[in-house]
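# Residue-level structure breakdown
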Amino acid sequence: MSAIASSVTLVIGRELRVLQRSRSAAATLAVLLAVAWMPALVLPLRAGTLGLATLSDAVPLTLAIAGVVLPLVGLLAGAEAIASEIDDGSLVSVVTLPIGRVACFAGKWCGRVLMTAALYALAFGSSCAAMAAAHGLAGAPDYFTVAAGGLLLLLSATGLGLLLGAGAAGRLRAFGAALVLWLVLVFVIDALLLAAVVATAPPPPASVGAHGHTELAAPIRRGPESRQEDGGGATPSPAWWMALSPVDLYRLTALLGPTSRSRLDLALGQAAGSIPWAPLGVGWGLWLGLPPAVGVWRFRRAILR
Amino acid sequence: MNAERSRGLVFDHVGRRFGVGGRWAALTGLTVRCDPGEILCLVGPNGAGKSTALALAAGLLATSNGEIRFAGGRVTPTSPVARQGYLAQRSAFAPGLTVGDVLDFAVAARGSNEEQRAESIALGDLEGVLGRRTRELSSGWLRRLDLAIALLPPTDLLLLDEPLAGLDLATLERSLPLLTKRAEEGAVVVLSSHDFEVVDRLRPQVAVLDAGRLLACESSAGVGCRAVYGRALAPPPAAGDPVVAEGTCP
């Protein structure tokens, strides 16, 4: 094993041991359990009964809650990972060993990602298993699509949090920056995108309003060729604009579920097969890969004392 | 000074500024050298720049001017000395880890053997606390652990910021011979201290710093650290003086 790989492995082990005994991992698990179980428990209560929702019924509420809460959890947990150790000085005892800052950051990122993924699997796996045991597997592919997209969202937010913590002057500043970024990702970009989609949408057909928001999603699903037919010209697909935020990318990913897809195709009269794979692939690749890459660059220059 | 050819640690006109626009100079034009096998002790009043100089040499900070070299290679935050032992002024470890976790991590990272691990445990008398979490330890125990890790071989460069502060007498008596031993093995040892009588037992070169500037650098042999310190600081330098003395250890 190369020197850097063995250093990264060492730091991963350290990070996992730190997390096993930390309150932040316990808090993360509690929030993830709440996000995963709330739709399962709340929906029957709204209907006036006790019990668990079906997987199909839980999908929309899970999507709505996860899209808001998971970025916050990831950003705060990621920011805490490095900023708190810079603050209390404990990272000095790591970087002054023959580890190197690159391996230190990479190890902390990998450790966080592994632990976060494990906690997420525990939370969503348990709720999914309970709902499946109560009502069967109907809707499982849709639920799995939403849950898998949620994991990507959580991991990308964790990377962004680590990036913020890597060069921040103190834990409070890192948390402050994480909160601001959360507001931007969840609300500001969303509002701007919605405004852009409305402003650039082709003239509404006679059936406007009949299918709720599906008209807005039409150009996303149909791709550039069909927009050419619509007279949309060279305007980039809104799916690419949605890739600007991991939260919107998550919502786009949720459309890949078979039920969502068939409902959308029914509403739009489109055949399946027009999924915007390129924006999805490029978007997730960048949101998962870019923050740790920039974070390493930032951490290499960070003041540690 | 033939800094370029030195196999040891060289501060070459090193400056470090802090604050908005770099308005506060912690270190100005420090030029000093310590060769393998030597012990250099940085002394001076609080705020003299001793800790900053050590943090720069450890690659925790970047210099604002000048450069630091070790064995001919430049030391920066992106390229620190690989085989270094650094003891910070304030010992801190991830609170969830046990003493054993911290020590084993250092042993694995440094590639130390079992005998060297045992030597470190003996130095800090840590055997009885290996299973305890670092957050449960007093500052004295944390200091022992930190010192044990800093002195864990193999190291080519030891940077120790007030290593003798907060240690009990028994640990102190075990540490001093080990510091001398590391120097005799060929390591460059740089430390800061206010405890002149104890430091005299190491027979170091003494570099006197004040307000970020080097006032003097000479051997303490025969005269002692206190005499070197007293000569350099009395009478006190006039405010705003340029570099009073730019020395290299003989």
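Below you will find a few notes about this structure.

Reading the values: rules and limits
Residues numbered from 1 in each chain as written. Chains lettered and ligands numbered in written order. Predicted model: local features only at pLDDT ≥ 70, side-chain atom pairs only at ≥ 80, totals over all residues. Heavy atoms only, no water. Helix = DSSP H or I, 4+ residues; strand = E, 2+ residues; numbered from the N terminus. Buried < 20%, exposed > 50% of the residue type's maximum accessible area, 1.4 Å probe, protein only. Contact = heavy atoms within 4.5 Å. Rg over C-alpha atoms; globule rule 2.2 N^0.38 Å. Areas by Shrake-Rupley, 256 points an atom, 1.4 Å probe, with all protein chains shown as cover. Lys, Arg positive; Asp, Glu negative; His and termini not counted. Charge placed at Lys NZ, Arg CZ, Asp CG, Glu CD. Expected span 1.5 Å × (residues − 1). Core = buried A, V, L, I, M, F, W, Y, C linked by side-chain atoms within 4.5 Å. Buried area = accessible area lost by both parts, 1.4 Å probe. Salt bridge = Lys/Arg side-chain N within 4 Å of Asp/Glu carboxyl O. Polar contact = N/O pair within 3.5 Å; in protein donor to acceptor, adjacent residues only side chain to side chain. Pairing = 2+ DSSP bridges. Axes fitted to C-alpha atoms, helices over the stretch in contact; angles between N-to-C directions. Parallel < 35°, antiparallel > 145°, perpendicular 65-115°, else oblique. Left-handed = near helix turned anticlockwise from the far one by under 90°. Nonpolar A, V, L, I, M, F, W, Y, C, P; charged D, E, K, R; others polar. Patch = residues over 30% accessible without salt bridge, like charges linked within 9 Å, V, L, I, M, F, W, Y side chains within 5 Å.

## Here we look at the overall build of chain A
- When you go through chain A residue by residue, the secondary structure sums to twelve helices and zero strands.
- Reading the helices (α) and strands (β) of chain A from amino to carboxyl end gives α-α-α-α-α-α-α-α-α-α-α-α.
- Within chain A, buried positions represent 47% of all 305 residues.
- Taking as baseline every contact in chain A between residues at least 6 positions apart, the subset at least 24 positions apart corresponds to 81%.

## Comments concerning the overall build of chain B
- Within chain B, the secondary structure is distributed over seven helices and ten strands.
- On C-alpha atoms alone, chain B measures out to a radius of gyration of 18 Å, which is about the 18 Å that the 2.2 N^0.38 rule sets for 250 residues.
- Taking the principal axes of its C-alpha atoms as reference, chain B extends roughly 55 × 40 × 35 Å.
- A burial count over chain B gives 57% of its 250 residues as buried.
- Within chain B, counting contacts between residues at least 6 apart in sequence, those at least 24 apart form 70% of the total.
- By element, 51% of the accessible surface of chain B is carried by carbon and sulfur atoms, the whole surface being about 10000 Å².
- One way to put it: in chain B the 26 positive side-chain charges average out to a point 4 Å from where the 28 negative ones average out.

## Digging into helix α6 (residues 140-167) of chain A
- If you check α6 of chain A, its first and last C-alpha atoms are 41 Å apart, about what 28 residues at 1.5 Å a residue would give, namely 40 Å.
- With 22 of 28 residues buried, α6 of chain A is to be regarded as a mostly interior element.

## Digging into the nonpolar core
- Membership of the largest hydrophobic core comes to 108 residues, with the highest contact counts inside it found for Phe-299 of chain A together with Leu-9 of chain B.
- The dominant element in this core, judged by the number of residues it contributes, is helix α2 (residues 99-110) of chain B, at seven residues.
- Setting aside residues up to four positions removed in sequence, Phe-299 of chain A forms contacts with Ile-82, Ile-86, Leu-91, Val-95, Arg-101, Cys-104, Phe-105, Ala-166 and Leu-304 of chain A.

## Re the interface of chain A and chain B
- Of the residues lining the interface, 25 residues belong to chain A; the matching set on chain B comes to 31 residues.
- When the two sides are added together, the surface that chain A and chain B hide from each other amounts to roughly 2400 Å², 62% of it contributed by carbon and sulfur.
- Among the residues chain A hides against chain B, the three largest losses belong to Arg-21, Thr-96 and Arg-305 of chain A. Together they make up 27% of the total.
- At the boundary of chain A with chain B, the tally comes to two salt bridges.
- A salt bridge links Arg-17 of chain A to Asp-101 of chain B; the nearest nitrogen and oxygen atoms lie 3.7 Å apart.
- Applying the counting criterion to the chain A and chain B interface returns six residue pairs in polar contact (both at pLDDT 80 or more).
- Breaking the side of chain A that touches chain B down by element, the ones donating at least two residues are α1 (3-20), α3 (55-88) and α4 (92-95) of chain A.

## Structural notes on the sheet that holds strand β3 (residues 39-43) of chain B
All names here are of chain B.
- The strand order across the open sheet formed by six strands is β6-β7-β8-β3-β9-β10, and the pairing between neighbours is mixed. Only two strands of the sheet have a single neighbouring strand rather than two, namely β6 (84-87) and β10 (213-219). Between one strand axis and the next, the sheet turns through 15 degrees on average, direction left out of account.
- Two elements, strand β7 (residues 157-161) and strand β8 (residues 188-192), share five bridges in a ladder whose sense is parallel. Residue pairing in the sheet places Asp-161 in a bridge with Ser-192 of β8.

## Focus: the pattern of salt bridges
- Per the counting criterion, the structure on display carries 24 salt bridges over all chains.
- The closest approach of N and O atoms between Glu-185 of chain B and Arg-182 of chain B, which form a salt bridge, is 3.4 Å.

## Notes on unusual backbone geometry
All names here are of chain B.
- The omega angle of the peptide bond from Pro-153 to Pro-154 is 0 degrees, so this bond is cis rather than trans.
- Within the secondary structure, Pro-154 sits in the loop between α4 (139-150) and β7.
- Positive phi is not limited to glycine here, since His-13 has a value of about 50 degrees.
- Note on placement: His-13 falls in strand β1 (residues 9-18).
- Residue His-13 is classed as partly exposed on the basis of its relative accessible area, which comes to 40%.

## Brief notes about the sheet that holds strand β4 (residues 65-70) of chain B
Residue and element names in this part refer to chain B.
- Here four strands make up an open sheet; going across it, the order is β2-β1-β4-β5 and the pairing antiparallel. Each end of this open sheet is capped by a strand with a single partner; those strands are β2 (24-34) and β5 (73-74).
- Both β1 and β4 contribute to a ladder of five bridges, which runs antiparallel. Paired with Val-10 across the bridge in β4 is Arg-69.
- Against the sheet, helix α1 (residues 50-57) makes contact with β1, β2 and β4, and its axis sits at roughly 115 degrees relative to β1, the strand it touches most.

## Concerning the packing of α1 of chain A against helix α5 (residues 101-135) of chain A
All names here are of chain A.
- Packing of α1 against α5 leaves a shortest axis separation of 7 Å and a crossing angle of 45 degrees. Between α1 and α5, the interaxial angle falls into the category oblique. Crossing angle aside, the handedness with which α1 passes α5 is right-handed. Here Ile-4, Ser-7, Val-8, Val-11, Ile-12, Arg-14, Glu-15, Leu-16, Leu-19 and Gln-20 of α1 lie close against α5, whose contacting residues are Val-102, Ala-103, Cys-104, Ala-106, Gly-107, Lys-108, Cys-110, Gly-111, Arg-112, Leu-114 and Met-115.
- Partitioning the contact of α1 with α5 into residue classes produces 13 nonpolar, four polar and four charged.

## Remarks on a nonpolar patch on the surface
All names here are of chain A.
- Judged by side-chain polarity, Trp-240, Val-282, Leu-286, Leu-290, Val-294 and Trp-297 come together as a nonpolar surface patch covering roughly 580 Å² of accessible area.
- Per element, the largest residue contribution to the nonpolar patch is five residues, and it comes from helix α12 (residues 277-300).
- The topology assignment puts Leu-286 in helix α12.

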